[in-house]
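# Close look at the chain arrangement
So the chains spell out like this:
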Amino acid sequence: MSTSLTTCEWKKVFYEKMEVAKPADSWELIMDPNLKPNELAPGWKQYLEQHASGRFHCSWCWHTWQSAHVVILFHMYLDREQRAGSVRMRVFKQLCHECGTARLDESSMLEENIESLVDNLITSLREQCYDEDGGQYRIHVASRPDTGPHRSEFCEACQEGIVHWKPSEKLLEEEATTYAFSGASKPSAQEGSGYNFFSLRWCLFGASLCLLIVYLQFSFRGSAFL
């Protein structure tokens, strides 16, 4: 049931966005569980989404788990003369590590995740099929927290030789830069408390000095009239 709903949601979002992106062309989206990476027919292009976020549900023991390393493979083709295009899509499955069954389970995704992934797909379509500047890709959900380390022995994509669960060097650099910036911009609690303490002490010292000067002035004037 969830599989059919997810498939319908994918097609709904894809058709709506392609109607806006390329209204003069007709595109179709086909689910193909037999799609293989890097095995392309002449004229076809490939886009691989390596860090999608999805929830899996074991059909045998009812165990559920979240993964930020769902792999989605797209093969794309555009017939420029007919102004018609086709996208074949495969979402790689995962095995349940609780019951140990050999049955692969499919993932379900939130609509907001599907919209982001379709935006990335359309960006790749613009670049590879239309020779356009597709713009920036949406932020990969690999940076979002996961329930634990990725276990490649339970991943269908890993078993087919797709190395995807390690973050890219670019992602690591962005995370390191973000962490360094946030760390430098936020003073520690000890530094903040020390700064407040010395500021208060200098304020009291300044106030005392002003009172002393006023007192000496009045004392000097009083002695002058005597």
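The notes below deal with the structure included here. (Residues numbered from 1 in each chain as written. Predicted model: local features only at pLDDT ≥ 70, side-chain atom pairs only at ≥ 80, totals over all residues. Heavy atoms only, no water.)

## Notes on the overall build of the chain
Note the following rule: Think of it this way: any DSSP run of H or I at least four residues long counts as a helix, any run of E at least two long counts as a strand, and we number them from the N terminus. Throughout this description, buried means an accessible area under 20% of the type-specific maximum (1.4 Å probe, protein chains only), exposed means over 50%, and partly exposed covers the range between. Here, two residues are considered to be in contact whenever any of their heavy atoms come within 4.5 Å of each other. Accessible surface area values rest on a Shrake-Rupley calculation with a 1.4 Å probe, where residue burial reflects the displayed protein chains alone.
The number of helices and strands found in the chain is 5 helices and 7 strands. The N-to-C order of helical and strand elements in the chain reads α-β-β-β-β-β-β-β-α-α-α-α. The buried share of the chain, taken over its 226 residues, is 32%. For the chain, long-range pairs separated by at least 24 residues make up 66% of all intrachain contacts whose partners lie at least 6 apart in sequence. About 15,000 Å² of surface is accessible on the chain, with carbon and sulfur atoms providing 57% of the total.

## Quick look at the sheet that holds strand β2 (residues 45-57)
For clarity, the threshold we go by: When DSSP finds two or more bridges between a pair of strands, those strands are recorded as paired. Fitted lines through C-alpha atoms give the axes, limited to the stretch in contact for helices. The angle between two N-to-C directions lies from 0 to 180 degrees.
Here 5 strands make up an open sheet; going across it, the order is β1-β4-β3-β2-β7 and the pairing mixed. Bordering the open sheet on either side are β1 (26-31) and β7 (107-108), each of which pairs with just one other strand. Two elements, β2 and β7, share 2 bridges in a ladder whose sense is antiparallel. Paired with Phe 56 across the two strands is Ser 107, which belongs to β7. Sitting on the sheet, helix α2 (residues 111-129) is in contact with β1, β2, β3 (64-79) and β4 (84-91), with an inclination near 175° to β2.

## Things to note about a nonpolar patch on the surface
Put simply, the rule is: Each patch is built from residues lacking any salt bridge and having more than 30% relative accessible area; the joining distance is 9 Å for like charges and 5 Å for nonpolar side chains (Val, Leu, Ile, Met, Phe, Trp, Tyr). Whenever a carboxyl oxygen of Asp or Glu lies within 4 Å of a side-chain nitrogen of Lys or Arg, that contact is scored as a salt bridge.
Residues Leu 209, Leu 212, Ile 213 and Leu 216 make up a contiguous nonpolar surface patch of about 350 Å² in total accessible area. Tracing the backbone through its elements, the reader meets Leu 209 in helix α5 (residues 189-225).

## Looking at the packing of aromatic side chains
The relation between two aromatic rings is expressed through the spacing of the ring centres and the mutual angle of the planes. Test applied: Stacked, tilted and edge-to-face are the three classes applied to pairs of Phe, Tyr and Trp rings, where Trp contributes its six-membered ring and a pair requires centres within 6.5 Å; stacked means planes under 30 degrees apart, edge-to-face means over 60, and tilted covers the rest. Criterion for a charge above a ring: Arg CZ or Lys NZ at most 6 Å from the ring centre, at most 35 degrees from the ring normal.
The final tally for this structure, using the stated rule, is 7 aromatic pairs. Taking 5.5 Å as the distance between ring centres and 25° as the angle between the ring planes, the aromatic pair formed by Trp 44 and Tyr 77 counts as stacked. Taken as a pair, Trp 44 in the loop between β1 and β2 and Tyr 77 in strand β3 lie far apart in primary sequence, 33 residues in all. Assessed through its relative accessible area of 21%, Trp 44 is described here as partly exposed. Accessibility expressed as a relative area gives 29% for Tyr 77, which makes it partly exposed. The interplanar angle of 20° and the centroid separation of 6.0 Å between the aromatic rings of Tyr 47 and Tyr 137 together place this pair among those described as stacked. Note that Tyr 47 is positioned in strand β2 and Tyr 137 in the loop between α2 and α3 (156-159), a separation of 90 residues in sequence. For Tyr 47, a relative accessible area of 9% translates into the label buried. For Tyr 137, a relative accessible area of 33% translates into the label partly exposed. When the ring centre of Tyr 130 is taken as reference, the NZ or CZ atom of Lys 22 above it lies at 4.2 Å.

## Some remarks on the nonpolar core
Nonpolar side chains in soluble globular proteins generally cluster together in the buried interior. The line we're drawing: By convention a nonpolar core is built from buried Ala, Val, Leu, Ile, Met, Phe, Trp, Tyr and Cys residues, the set being connected through side-chain atoms within 4.5 Å.
Core analysis: the biggest nonpolar cluster contains 29 residues, and Trp 10, Phe 14, Trp 27, Ile 72, Val 87 and Leu 125 have the highest contact counts within it. Elements that contribute at least two residues to this core include exactly α1 (2-21), β1, β2, β3, β4 and α2. With 7 residues, the single largest contributor to this core is α2. If you look at the next biggest cluster of nonpolar residues, it comprises 8 residues, including Leu 35, Cys 155, Cys 158 and Ile 162.

## A few points about the environment of Asp 133
Structurally, the position occupied by Asp 133 is in the loop between α2 and α3. Residues Asp 133 and Thr 123, spaced 10 residues apart in sequence, show a C-alpha to C-alpha distance of 8.1 Å.

## Examining α2
The following threshold applies: Under the convention used throughout, the expected extent of a helix is 1.5 Å for every residue step, that is, one less than its residue count.
Helix length check: α2 (19 residues) gives 26 Å between terminal C-alpha atoms against 27 Å at 1.5 Å per residue, within 8%. Regarding α2, the residues found buried are Asn 113, Ile 114, Ser 116, Leu 117, Val 118, Asn 120, Leu 121, Ile 122, Thr 123, Ser 124, Leu 125 and Cys 129. Once α2 finishes, Asp 131 follows within two positions and takes phi at roughly 55°, a positive value.

## Digging into the state of the cysteines
Under the convention used in this document: Here, the term disulfide refers to a pair of cysteine sulfur atoms separated by no more than 2.5 Å.
Counting across every chain of the model gives 0 disulfides. Counting only cysteine sulfurs, Cys 58 is the nearest neighbor of Cys 61, a cysteine outside any disulfide, at a range of 3.7 Å. Not engaged in a disulfide, the cysteine Cys 99 finds its nearest cysteine sulfur in Cys 58; these two sulfurs lie 3.8 Å apart.

## Brief notes about the pattern of salt bridges
As enumerated under the stated definition, the model contains 10 salt bridges in all. Lys 12 is paired through a salt bridge with Glu 16; the nearest N and O atoms lie 3.5 Å apart. One end of the pair is Lys 12 and the other is Glu 16, both in helix α1 and 4 residues apart, which spans about a single turn. Using a relative accessible area of 39% as the deciding quantity, one classes Lys 12 as partly exposed. On the accessibility criterion, Glu 16 (46% relative accessible area) is partly exposed.

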